Amino acid sequence: MEGYLLIVDDDEDIRNMLGIYFENEGFHYIKCKDAKSALDILENHRVDLILLDIMMPGLNGMDACIKIREHSKVPIIFMSAKSQDIDKIQGLTVGADDYIVKPFNPLELISRVKAQLRRYKQYNESSTSDCLQYRDLILNKKTRQIWLEGKEIRLTPKEFDILTLLLENKGITLTVKTIYEKVWHEEFIQNDNTVLMHISNLREKIENDVEENQYIKTVWGVGYKI
């Protein structure tokens, strides 16, 4: 069953206009005029995407986005008259997936909505048997994709294979020799830093703080584990 598009804007004309366009495209949608109502709707309805105005009375769009991201990875597209780059950067930083400036072409917005829905559907329809997960890190072995906190991360083939091996052996410390021979399918030579270099590059991509190492742990004198 398809969910709803949630239109959140204090401008009634914009809500009605988007409703007409989405209805013509065959989408189910819900309209509301403020962020507080939007949070209530999210509690009681399946929502597949949120179109969220930023400047609204009461709870603004930025703060609403932060609240939504505490428990949901549903795509969020900001709609705002604020067109400076810093505004767009701030919007994406707090958790939005896209940002469109008012006044906008409704057909462009629909294209962006469809693109976000495709990504979200692909993310959610990944077969459980093909997926490995630890905390906010999800790896799909079949599609060879990685998501961290809902956002896709690009890895090299070897980085992907190392991460897969560590996730498949979660909680088990793997020696550098084991990792090298499983991933490169060659005999390990002592003092080869290949694995160390790849682990370092991998950490830069998936660790929020490379000194804390939330995901890939070093077991000194032995190897690495997740």
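Up top is the structure.
Just so it is clear, the model here is predicted, and its values are computed rather than measured.

(A) Highlighting helix 7 (residues 176–184). Within helix 7 the residues assigned to the buried category are Ile179, Tyr180, Val183 and Trp184. In an axial view of helix 7, the angular spread of the buried residues amounts to 95°, which keeps them on one side of the axis. The inward-facing, buried residues of helix 7 contact helix 6 (157–168), strand 10 (174–175), helix 8 (194–206) and strand 12 (223–225). Immediately downstream of helix 7, the backbone of His185 shows phi near 55°, a positive value.

(B) Main features of unusual backbone geometry. Residue Pro103 is reached from Lys102 by a cis peptide bond, and omega for that bond is -10°. Turning to its location among the elements, Pro103 is positioned in the loop between strand 5 (98–101) and helix 5 (106–124). Of note in this structure, His185 is not a glycine but carries a positive phi near 55°. As for its placement among the helices and strands, His185 is situated in the loop between helix 7 and helix 8. Its relative accessible area of 67% is what places His185 among the exposed residues.

(C) Representation of the pairing of strand 3 (residues 47–53) in the model. With respect to burial, strand 3 is a largely interior element, 7 of its 7 residues being buried. As paired elements, strand 1 (residues 4–8) and strand 3 share 5 bridges and run parallel to each other. Counted as the bridge partner of Leu5 is Leu49 from strand 3. With 4 bridges connecting them, strand 3 and strand 4 (residues 76–80) associate as parallel partners. Bridge pairing links Leu52 to Phe78 in strand 4. Assessed by its sense of winding, the connection that carries the chain from strand 3 through helix 3 (residues 61–69) to strand 4 is right-handed.

(D) The pattern of salt bridges, seen in detail. Summed over the entire model, instances satisfying the criterion amount to 14 salt bridges. Between Asp53 and Lys102 there is a salt bridge; the shortest N-O distance is 3.1 Å. Here Lys102 lies in the loop between strand 5 and helix 5 and Asp53 lies in strand 3, a separation of 49 residues in the sequence. Of the two residues, Asp53 and Lys102, both sit in the buried class. The salt bridge partner of Arg144 is Asp161, with a shortest N-O separation of 3.1 Å. Here Arg144, found in the loop between strand 7 (137–140) and strand 8 (145–148), pairs with Asp161, found in helix 6; they are 17 residues apart in sequence, far enough to count as distant. Judged by relative accessible area, Arg144 falls into the partly exposed class, the value being 41%. Shared partners join several salt bridges into a network, and the residues in it are Asp9, Asp53 and Lys102.

Each value, and the rule that gives it
Residues numbered from 1 in each chain as written. Predicted model: local features only at pLDDT ≥ 70, side-chain atom pairs only at ≥ 80, totals over all residues. Heavy atoms only, no water. Buried < 20%, exposed > 50% of the residue type's maximum accessible area, 1.4 Å probe, protein only. Helix = DSSP H or I, 4+ residues; strand = E, 2+ residues; numbered from the N terminus. Arc of directions from axis to C-beta. Contact = heavy atoms within 4.5 Å. Pairing = 2+ DSSP bridges. Right-handed = clockwise from strand over helix to strand, strands pointing away. Salt bridge = Lys/Arg side-chain N within 4 Å of Asp/Glu carboxyl O.

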